[in-house]
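Architecture at a glance
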Amino acid sequence: MGMLKRAARSGWWIAGIKDPESIAEHSFRVALIGAVLAMMEGADPAKVALMGVFHDTQETRVGDIPHIGRRYLTAASNEQVTADQLAAAHPAVRSGIQEVVEEYENGDSLEVLVAHDADKLECLVQAVEYREQGHQNVQNWIDTSLAGLRTASARQLAAAALTMTSVEWQQTYLR
């Protein structure tokens with residue numbers, strides 16, 4: 001997973017962010033946001049966090065294909081990539097991770113709903129932070145992320161992210 005630390009979230013290049021977050025940085029915050037949302041929504045925080053950790057691991061093989069790029073490319077499914085990544089893994093590891101990815105990609109449990117909201121909410125928060133740093137071409141990321149949120153808790157946290165600065169988030173958290 002060291003590759004995820006080195007691989008940039010390349011969709012941000014479209015917005016003019018020259019040195020965007022890594023996939024690992026994104027996934028770490030998705031896991032944390034997911035655990036918090038799960039607690040707020042009555043879902044299993046550990047399961048949601050685990051989905052957040054593994055939801056983009058396939059990008060070690062196919063890269064971070066920006067949304068617009070998906071119009072022109074047909075990539076293997078995340079389940080197929082995961083199976084390839086884990087072909088030589090310990091059987092329990094292989095089946096455990098494949099189960100997590102399969103559920104994230106195809107499930108309809110509360111945990112899946114929350115994990116997907118965590119992914120969108122993390123993108124929204126990152127866009128707000130980039131906007132604070134002076135990048136003006138991020139509004140589409142904010143709008144599409146906000147529109148995709150399905151839980152009340154995710155919408156509540158998004159509203160806070162959109163009305164407070166990142167310094168205020170930290171100060172609020174520390175109270």
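As a reminder, the structure under discussion sits directly above these lines.
Below is a short write-up of the structure. Predicted, not measured: the structure shown is a model, and the values here were computed from it.

1. Examining the overall build of the chain
- When its secondary structure is counted, the chain shows ten helices and zero strands.
- Counting from the amino terminus, helix and strand elements in the chain follow one another as α-α-α-α-α-α-α-α-α-α.
- Against the 2.2 N^0.38 benchmark of 16 Å for 175 residues, the chain shows a C-alpha radius of gyration of 16 Å, consistent with a compact globule.
- On the principal axes, the C-alpha backbone points of the chain span a range of 45 × 35 × 25 Å.
- A total of 175 residues make up the chain; the buried ones form 42% of that total.
- When the accessible surface of the chain is split by element, carbon and sulfur atoms take 56% of a total near 9,700 Å².

2. Some remarks on helix α5 (residues 78-85)
- When we look at burial in α5, the residues that qualify are V81, T82 and Q85. All buried residues of α5 fall inside an arc of 100 degrees around its axis, so they share one side.
- On its buried face, α5 is in contact with α4 (59-62) and α6 (91-106).

3. Let's talk about the pattern of salt bridges
- Counted under the stated rule, the structure contains five salt bridges.
- The salt bridge partner of E122 is R29, with a shortest N-O separation of 2.9 Å. Here E122, found in helix α7 (residues 110-132), pairs with R29, found in helix α2 (residues 23-41); they are 93 residues apart in sequence, far enough to count as distant.
- The partner of E103 in a salt bridge is K47, with the nearest N and O atoms 3.0 Å apart. In this pair, E103 sits in helix α6 while K47 sits in helix α3 (residues 45-54), placing the two residues 56 residues apart along the sequence.
- Owing to a relative accessible area of 19%, E103 belongs among the buried residues under this scheme.
- Each of the salt bridges in this network shares a partner with another, and the network as a whole consists of R9, E21 and D56.

4. A short note on the packing of α3 against α7
- Contact pair α3 / α7: the axes reach a minimum separation of 9 Å and the direction vectors enclose 50 degrees. In this view, α3 runs oblique relative to α7, as classed from their interaxial angle. Both α3 and α7 take part in a crossing whose hand is right-handed. Side by side, α3 and α7 meet where K47, V48 and M51 of the first sit next to E111, V112, V114 and A115 of the second.
- Here the residues of the contact of α3 with α7 are counted per class, giving five nonpolar, no polar and two charged.

5. A short note on a nonpolar patch on the surface
- A surface patch of nonpolar side chains, about 460 Å² in accessible area, is lined by I14, I68, Y72 and L73.
- Considering the arrangement of structural elements, one finds I68 in the loop between α4 and α5.
- What makes I68 partly exposed here is its relative accessible area of 42%.

Rules used throughout
- Residues numbered from 1 in each chain as written.
- Predicted model: local features only at pLDDT ≥ 70, side-chain atom pairs only at ≥ 80, totals over all residues.
- Heavy atoms only, no water.
- Helix = DSSP H or I, 4+ residues; strand = E, 2+ residues; numbered from the N terminus.
- Rg over C-alpha atoms; globule rule 2.2 N^0.38 Å.
- Buried < 20%, exposed > 50% of the residue type's maximum accessible area, 1.4 Å probe, protein only.
- Areas by Shrake-Rupley, 256 points an atom, 1.4 Å probe, with all protein chains shown as cover.
- Arc of directions from axis to C-beta.
- Contact = heavy atoms within 4.5 Å.
- Salt bridge = Lys/Arg side-chain N within 4 Å of Asp/Glu carboxyl O.
- Axes fitted to C-alpha atoms, helices over the stretch in contact; angles between N-to-C directions.
- Parallel < 35°, antiparallel > 145°, perpendicular 65-115°, else oblique.
- Left-handed = near helix turned anticlockwise from the far one by under 90°.
- Nonpolar A, V, L, I, M, F, W, Y, C, P; charged D, E, K, R; others polar.
- Patch = residues over 30% accessible without salt bridge, like charges linked within 9 Å, V, L, I, M, F, W, Y side chains within 5 Å.

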